[in-house]
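Understanding the architecture of this molecule
One letter stands for each residue in the lines below.
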Amino acid sequence: FEVNTLISTASPRLAVVDDATEPSVTAALAAAGVATVDTSETGVQQATVGLSRLDDDALILFTSGSTGAPKGVIHTHRSLRARWMSLRDQLGVADFSRTLCLLPTHFGHGLICNSLFPWLAGQDLYITPPFRADIMLRLGALVDEHRITFMSSVPSLWRLALKMSRPPKEGTLQRIHCGSAPLSAHVWEDIRTWAGTRQVCNAYGITETGSWVAGLGNADCVAEDGLIGEGWGAVVKVLGTSDTSVPLDGGLECAVGEAGFVWLNTPALMKGYFQRDDLTRQAVVDGWFFTGDIGCIDDRGRLVLRGRERDEINKGGMKIYPADVDAVVERFEQASDVCTFALDDEIYGQTVGIAVVLNSQDDATIRALYHWMTAHLATHKMPGRWWVVETIPRTSRGKINRDQVKAACIDQAPLDLIRILA
C-alpha cells in the first residue's frame, strides 16, 4: 500500500532494489511501469552525471506513506550543506570518527544527519538493518568490536537495547543522540549508564529543516523530560500562535517557561513540499517554519518540548500533554512501553486513555502502577481508561501514532480498575 501510494504521488522512473526487496514491492513497481536496477547483481554499471549546482534539488524525502497523503520534502544541495556546516560548527567531527547508524535511511534522521553528515566529513560509517531484535541483543558487543564513538537512535529502540543488551566494555562511545520522539529523563539517565558517557543528547530533528536542528553541545547537564537545548544553525522561537496565513508578530513571543508553538528559522529549510505549494504555504511564513510542536524556552534559553499540537488532550478546558503522562509511566520499573491518547468524553469533551506494556500483568503490578501515577501526576492528568497490551505499534521511524494505538485499544475491553483497585 505504501509503495503504491508513493508511486502515485512521485511518479518515479527508476527504483533501486536488491535481493532483500520483497516480491510484492517489486511487483508493485513493475505494475506501475517503474524500471528497476538490482544492486545485488554483479558487474559494473556506468552513468554520466552532470555537475550539480547549489540550488539544484538534491533529494526528496517523504514524511509519510502509510496515511495515504505523503508529503515529499525537497532539499537542495544548499540546504543540506547549510545543515552539515552548522553541525560541524556546533559539534565538530571528532566525536563522529566511527559512527553507527541503526536507523532506516529513508528519512532525515537516519540519512541526512546520522549517515551523510559524518560520512561526507571523512569519518567512518557503519550501517545496520534497522530495528532488528538480534542486533539490539548484541549492540554492546558491536560497539566494542568496531570501536564506535557515536550513535544515534530513537527512544523505542533504546528501551529494547537497555533491556536486551549488555553495556559496551571498551569505553569508546563519546556521544549519543536520541531523537524523533520525546526522551524522558529516566531513559536519558539509563542510556548514560549503559553507554559510559554523559554526552547523551535529546536531538530535535525535523525532515523539513534537515533533521538535527537543536540540541545540547555539551550534554553534561541534569536530564529533564523533554529538554532539547539551543538551536544548531537555527533560531528557535516559541510563539502564542499557530496561524500561518498571516505574517508573524514578534509581540506574540511567549514568556520564559510559558508553553506555546515552536517555530524555526534556518538556512537548512527545505525548498518546499513536492508539487504541493499549498502545503508549503501552510507550513512556512516569511522563512519561518511552523513545527506543530508545543514547547517553551526555559530560564537558560533552552528549548523544552511538551508534545505535538495534534496530540494535546483538552479535558474540560484543561490542556494535557500525553508526553507528560508517558514520562511518568516510563519511570515505573515494571513498565517497558507506554502510549497516552485522547478519548471522547460526554462530560469533559475529552479524557485520558493509556496503553501500557508491563513486565507482569497481575493485579498487584497494576495497583502499584496506579499508586505510582497518583503520586506523580495531577489528578486531572490521570488516565480514566487503561489497556494492558503486548506491544505498542510504531512506524518504521520508531514513532508512535497515538491515533492508531487508540483505534487498536477501543475495540478491546479496558481494565476493570474498580475491581483491581478495590
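As a starting point, this report considers the structure included with it. (Residues numbered from 1 in each chain as written. Predicted model: local features only at pLDDT ≥ 70, side-chain atom pairs only at ≥ 80, totals over all residues. Heavy atoms only, no water.)

Quick notes on the layout of surface pockets
Here the second largest pocket is characterised by a volume of approximately 340 Å³. Surrounding the second largest pocket, 16 residues form its lining, S156, L160, D337, I392 and R394 being those nearest its centre. Take the lining of the second largest pocket: its biggest share by element is six residues, from helix α7 (residues 155-164). Considering only residue class, the lining of the second largest pocket consists of six nonpolar, five polar and five charged. (1 Å grid on protein atoms, 1.4 Å probe; cavity = no way out; pocket = protein on both sides within 12 Å on 5 of 7 lines; lining within 4 Å. Points joined across faces, edges and corners; volume = space filled by probe spheres on them. Helix = DSSP H or I, 4+ residues; strand = E, 2+ residues; numbered from the N terminus. Nonpolar A, V, L, I, M, F, W, Y, C, P; charged D, E, K, R; others polar.)

With respect to empty space enclosed by the protein
Taken as a whole, this structure holds one cavity of 30 Å³ or more when the rule is applied. In this structure, the largest cavity occupies an estimated 30 Å³ of space. Of the residues belonging to the lining of the largest cavity, the class tally is five nonpolar, two polar and two charged.

Notes on the sheet that holds strand β3 (residues 57-62)
Strand order in the open sheet formed by three strands is β3-β4-β15, with antiparallel pairing between adjacent strands. In the strand order of this sheet, the two ends are held by β3 and β15 (272-273), each with one partner. Two elements, strand β4 (residues 72-76) and β15, share two bridges in a ladder whose sense is antiparallel. Within the sheet, the bridge partner assigned to V73 lies in β15 and is Y273. (Pairing = 2+ DSSP bridges.)

Quick notes on the pattern of salt bridges
What the rule picks out here adds up to 17 salt bridges. The partner of D324 in a salt bridge is R306, with the nearest N and O atoms 2.8 Å apart. Of this pair, D324 sits in helix α10 (residues 322-330) while R306 sits in strand β18 (residues 303-308); the two residues are 18 residues apart in sequence, bridging distant segments of the chain. Counted as one network, the salt bridges with shared partners bring together E224, D298 and R302. (Salt bridge = Lys/Arg side-chain N within 4 Å of Asp/Glu carboxyl O.)

Some words on the sheet that holds strand β21 (residues 335-345)
If you walk across this open sheet you meet the three strands as β21-β22-β23, and the pairing is mixed. In this open sheet, the two edge strands, each paired with only one partner strand, are β21 and β23 (385-388). Averaged over all adjacent pairs, the angle separating strand axes in this sheet is 20°, with direction ignored. Across four bridges, the pairing between strand β22 (residues 349-358) and β23 is parallel. Looking at the pairing, V356 lines up with V388 of β23. (Axes fitted to C-alpha atoms, helices over the stretch in contact; angles between N-to-C directions.)

Section: the nonpolar core
Counting 53 residues, the largest nonpolar core has L102, L139, M151, W158, L173, I176 and W212 as the members making the most contacts within it. Here this core gets six residues from one element, more than from any other, and that element is helix α8 (residues 185-195). For M151, the contacting residues outside a window of four places in its chain are L100, L102, L139, V143, W158, L173, R175, I176 and H177. Listed in part, the 21 residues of the second largest apolar core include I313, V338, V356 and I366. (Core = buried A, V, L, I, M, F, W, Y, C linked by side-chain atoms within 4.5 Å. Buried < 20%, exposed > 50% of the residue type's maximum accessible area, 1.4 Å probe, protein only. Contact = heavy atoms within 4.5 Å.)

Such coordinate-based values are descriptive only and should not be taken to indicate function.
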